[in-house]
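# Geometric and topological summary
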Amino acid sequence: MAKFINYRTEDEVRDEAKTILGFDDKEAKVKQGTGQITTFNQLGFKGVNDKPDGWYLPHDLNSPAIILETKSEAEDITLQKWADELAKNCKIVLTKYKYVIGILYNGINVRVFKNNEEEYATASELQDKKYYLSLFTQNAIDKQKIYALTKRINDCLHTEFGIKNLYHRMIFTACALVAKRYSAMLIKGMDFTLMKNSILSTLSKSLEESKKQNLKLDLLTEVYSEIKMNNTSNQEAIDNFIEWITEISECVNSDYWNGEDVMGIFFNEFNRYKKKSESGQVFTPDHITSFMYRLIDVNKNDRILDAACGSGAFLIKSMCNMIKEAGGINSKKAKTIKEVQLYGIELDREIFALACANMLIHKDGKTNLEQLDSRSSEACYWIKSKSYKTSSNGEFIKDSNDNLILKNNYISKVLMNPPFESKYGCLTIVDNVLNNVPRNTKCAFILPDKKLEKDRKGKGLLTNNTLEKIIKLPEKVFSEGVTTSIFIFTAGIPQKDKEVFACYIEDDGLETVKNQGRQDIKDRWQEIENRWVEIIRKQSGDSTIQWIKPSEHLSYQMPEKPFEISEEDFKKTAMDYICFKQGIDVKELSEKLLHSALYSSEVSSDDTGINIKIGGIVND
């Protein structure tokens, strides 16, 4: 017997699209709506009697317009005839408008076209019109501008305002950016007290709603209020700071999200001025956060934990990439990602405040951030509470066989760069995370190369967890001189005898720029990242690949350099041995030979300079 499928009609799909797109809103200086009786002639296109299914036509002809074409759910909108029908209507609108977005929708799938020139990859679900209008307002981030502005701001706060503490300079700047994000009055000519109070007032108001979920956000205003300056009377410095904050804010507020966040560049640039914090913090370069995100296949539906989040680099990178995958910052999914899919713990009070500010800059005050010690049982409980939904039976429920099982997994991926030193509890933090996230959770940690081998806790991690991969990073990734690897674990599955895949990325393509640290000035990293993601996925394709037995090693094994000896080395060793046998002091002999050769030489001069003849050899 044939199964009857109740497809929605085109009228029903059109009505739904009207609500989702917001074409039923009352908006000044815009013609918008849906229907099948309104002609283009009635919409201002003289003599054109074709009828669009939906339209958004601003009075400003330089602003983007939208044309909607709807079909019933039964229709296959991948067919070219439906794209051609939409293109015909868009061509009509392009006679007046410079920018036109064409949307083809059947209640299930969406196809989007820009100016009839290209089909654009967008969110798989229909979004509000703001999302589609933003497709014409995206501009690439000028990285060099961010580097230059960051340096100016840091120098100004340090030398002109006298803020000696680097993190206070970062927090003061971040709070100003939050305030600017929430429309604080920051204008040239205002004195320092007014500027600082305007930032504090706006900051407090922006936190009101978010504090209902996260009371710890109060700490941000506390730390900001504690920042002291030695000099607040330099009006030129105040005006410059306001100007530079405004420029940075414009970059932050752009709709351009490409995995490279403005604040990621900003914080990494600031962090060049201090090697590491008193809490053992080593901040993760932006290109490495992007790489790790891809290594464990994070997607828009994951819930991310960073239990040593610092200024929030991994959380912001995840948010940025997840939102991009979901269709952009104007997509419906973006709000969910910000509110319930990002979890962070930070112990250091000032860095925690910095992480809060970083999230607020992205209008994300509801992110689950906690100021806790990740070595503590309290942090373990917090992680577990975010990983398992509680029920009447506590954190577990019983299955049909009366076995205790987890009811609901929340945290699904872990991205972390914990403090490296043992005195800060590096492997205790790693162990706590692995023990309190759901079984089978993929966890990626940056650790010193030999950490698992040298620390007695290292091998203990394999009792209940599997070390899947070790990716040794380039030697110069961290300016502190420590060599590191990415260690990828699967939580809750014992290692047993399973071998570990390992490889070595010798070069990341970055180069040192004078006074600006290591940068991807030749845009080489993306190609390198793509290549290594594929190699690691296939576990083949590079000569550095190793398979390591965990009973023997827990680090990438650098090949031993072959023993080589030159003729000069041989002669030197032989001469040293002869001198030793005859009781001759080699150092004393060398000095006598040098003195004799130098001061018994012939010295002359000519137009080319001074010539010294030693034993028949002329040196210029």
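The model shown is predicted, which means the values in this text are computed figures rather than measured ones.

In terms of helices and strands, the chain carries 20 helices and 22 strands. Going through the 620 residues of the chain one by one, you find that 49% of them count as buried. A fraction of 69% describes how many contacts in the chain between residues 6 or more apart in sequence connect residues 24 or more apart. Roughly 31,100 Å² of accessible area belongs to the chain as shown, and the carbon and sulfur atoms make up 49% of that amount.

This brings us to helix 13 (residues 349-361). Taking 1.5 Å as the rise per residue, helix 13 with 13 residues should run 18 Å; its terminal C-alpha atoms sit 19 Å apart, in good agreement. Buried residues dominate helix 13, accounting for twelve of its 13 residues. Those residues of helix 13 that fall on the buried side of the exposure criterion are Glu-350, Ile-351, Phe-352, Ala-353, Leu-354, Ala-355, Cys-356, Ala-357, Asn-358, Met-359, Leu-360 and Ile-361. Of the residues flanking the start of helix 13, the one acting as N-cap is Asp-348, its side-chain oxygen 3.1 Å from the backbone nitrogen of Glu-350.

Right, let's get into the packing of helix 7 (residues 218-226) against helix 13. Viewed as axis vectors pointing N to C, helix 7 and helix 13 meet at an angle of 115 degrees, and their least axial separation amounts to 9 Å. Here helix 7 lies roughly perpendicular to helix 13, going by the angle between them. With respect to the hand of their crossing, helix 7 and helix 13 are arranged in left-handed fashion. Facing helix 7, whose interface residues are Leu-219, Leu-220, Glu-222, Val-223 and Glu-226, helix 13 presents Arg-349, Glu-350, Phe-352, Ala-353, Cys-356, Ala-357 and Leu-360.

Turning our attention to the confidence of the model for the chain. Scored by pLDDT, the chain comes out at a mean of 83, with 83% of its residues at no less than 70. In the model, residues 390-395 has pLDDT below 50 throughout and makes twelve contacts with residues more than four positions away in sequence or in other chains.

Counting residues in hydrophobic clusters, the biggest one holds 93 residues, and the most contacted among them are Phe-161, Phe-172, Met-195, Phe-291, Ile-471 and Ile-486. Top contributing element to this core by residue count: helix 5 (residues 166-181), with eleven residues. Filtering out sequence-adjacent residues up to four positions away, Ile-486 remains in contact with Phe-291, Met-292, Leu-295, Ala-444, Phe-445, Ile-446, Lys-469, Ile-470, Ile-471 and Leu-473. Counting 36 residues, the second largest nonpolar core, distinct from the first, contains Leu-372, Val-414, Leu-452 and Tyr-504.

For the rest of this paragraph, the subject is the packing of aromatic side chains. As enumerated under the stated definition, the model contains 13 aromatic pairs in all. Ring geometry for Phe-501 against Trp-547: centres 5.5 Å apart, planes inclined by 70 degrees, an arrangement best described as edge-to-face. In this pair, Phe-501 sits in strand 16 (residues 500-504) while Trp-547 sits in strand 19 (residues 546-548), placing the two residues 46 residues apart along the sequence. Residue class for Phe-501 comes out buried when judged on its relative accessible area of 0%. The lysine or arginine in question, Lys-196, covers the ring of Tyr-224, its NZ or CZ lying 5.9 Å from the ring centre. When the ring centre of Tyr-410 is taken as origin, the NZ or CZ atom of Arg-303, which lies over that ring, is 5.0 Å away.

With twelve residues, helix 1 (residues 10-21) extends 16 Å from end C-alpha to end C-alpha; this agrees with the ideal 16 Å at 1.5 Å per step. Within helix 1, burial applies to Val-13, Arg-14, Ala-17 and Leu-21. For helix 1, the angular spread of the buried residues around the axis is 100 degrees, confining them to a single face. In the core, the buried residues of helix 1 are packed alongside strand 1 (30-34), strand 3 (65-70), strand 4 (100-105) and helix 3 (129-133). Following helix 1 by one or two positions, Gly-22 has its phi on the positive side, about 80 degrees.

Within the element layout of this structure, Thr-173 appears in helix 5. The buried category is assigned to Thr-173, whose relative accessible area is 0%.

Another point: the environment of Ser-318. Within the secondary structure, Ser-318 is located in helix 11 (residues 313-326). According to the relative accessible area criterion, Ser-318 is buried, its value standing at 0%. In this structure, the C-alpha to C-alpha distance between Ser-318 and Tyr-293, residues 25 residues apart in sequence, is 6.9 Å. Beyond its immediate chain neighbours, meaning those up to four positions away, Ser-318 contacts Tyr-293, Ile-304, Leu-342 and Leu-415.

Taking strand neighbours across the sheet as the criterion, the nine strands line up as 9-8-7-12-13-15-14-16-19 in an open arrangement whose pairing is mixed. The open sheet has two free edges, formed respectively by strand 9 (368-370) and strand 19, since each of these has just one partner strand. Between one strand axis and the next, the sheet turns through 20 degrees on average, direction left out of account. Strand direction decides the pairing type here: strand 7 (residues 304-306) and strand 8 (residues 342-345), joined by three bridges, are parallel. Its bridge partner being in strand 8, Leu-305 is matched across the sheet by Tyr-343. Against the sheet, helix 12 (residues 332-340) makes contact with strand 8 and strand 9, and its axis sits at roughly 25 degrees relative to strand 8, the strand it touches most.

This paragraph deals with unusual backbone geometry. If you check the backbone angles, Ser-183 has positive phi at about 65 degrees while not being a glycine. Mapped onto the fold, Ser-183 is located in the loop between helix 5 and helix 6 (192-207). The exposed category is assigned to Ser-183, whose relative accessible area is 65%. A positive phi angle is found at Lys-496, which is not glycine, with a value near 55 degrees. Counting through the fold element by element, Lys-496 comes out in the loop between strand 15 (484-490) and strand 16.

On to the pairing of strand 8, then. By the alternation rule, side chains of strand 8 split into Leu-342 and Gly-344 and Tyr-343 and Ile-345, which are all buried. Judged from the three bridges that link them, strand 8 and strand 9 form a sheet pairing that is parallel. Residue pairing across strands places Gly-344 opposite Leu-369, the latter belonging to strand 9.

A separate point is a nonpolar patch on the surface. Side chains of Met-575, Tyr-577, Ile-578 and Phe-580 sit close together on the surface and give an oily, nonpolar patch of about 490 Å² of accessible area. The topology assignment puts Phe-580 in helix 19 (residues 567-581). Residue class for Phe-580 comes out exposed when judged on its relative accessible area of 65%.

What follows concerns the environment of Gln-144. Here Gln-144 is to be found in helix 4 (residues 143-160). Along the backbone, Gln-144 and Gln-519 are 375 residues apart, and their C-alpha atoms lie at a distance of 9.8 Å.

Definitions and limits used
- Residues numbered from 1 in each chain as written.
- Predicted model: local features only at pLDDT ≥ 70, side-chain atom pairs only at ≥ 80, totals over all residues.
- Heavy atoms only, no water.
- Helix = DSSP H or I, 4+ residues; strand = E, 2+ residues; numbered from the N terminus.
- Buried < 20%, exposed > 50% of the residue type's maximum accessible area, 1.4 Å probe, protein only.
- Contact = heavy atoms within 4.5 Å.
- Areas by Shrake-Rupley, 256 points an atom, 1.4 Å probe, with all protein chains shown as cover.
- Expected span 1.5 Å × (residues − 1).
- Polar contact = N/O pair within 3.5 Å; in protein donor to acceptor, adjacent residues only side chain to side chain.
- Axes fitted to C-alpha atoms, helices over the stretch in contact; angles between N-to-C directions.
- Parallel < 35°, antiparallel > 145°, perpendicular 65-115°, else oblique.
- Left-handed = near helix turned anticlockwise from the far one by under 90°.
- pLDDT = per-residue confidence, 0-100.
- Core = buried A, V, L, I, M, F, W, Y, C linked by side-chain atoms within 4.5 Å.
- Phe/Tyr/Trp six-rings, centres within 6.5 Å; stacked < 30°, edge-to-face > 60°.
- Lys NZ or Arg CZ within 6 Å of the ring centre and 35° of its normal.
- Arc of directions from axis to C-beta.
- Pairing = 2+ DSSP bridges.
- Patch = residues over 30% accessible without salt bridge, like charges linked within 9 Å, V, L, I, M, F, W, Y side chains within 5 Å.
- Salt bridge = Lys/Arg side-chain N within 4 Å of Asp/Glu carboxyl O.

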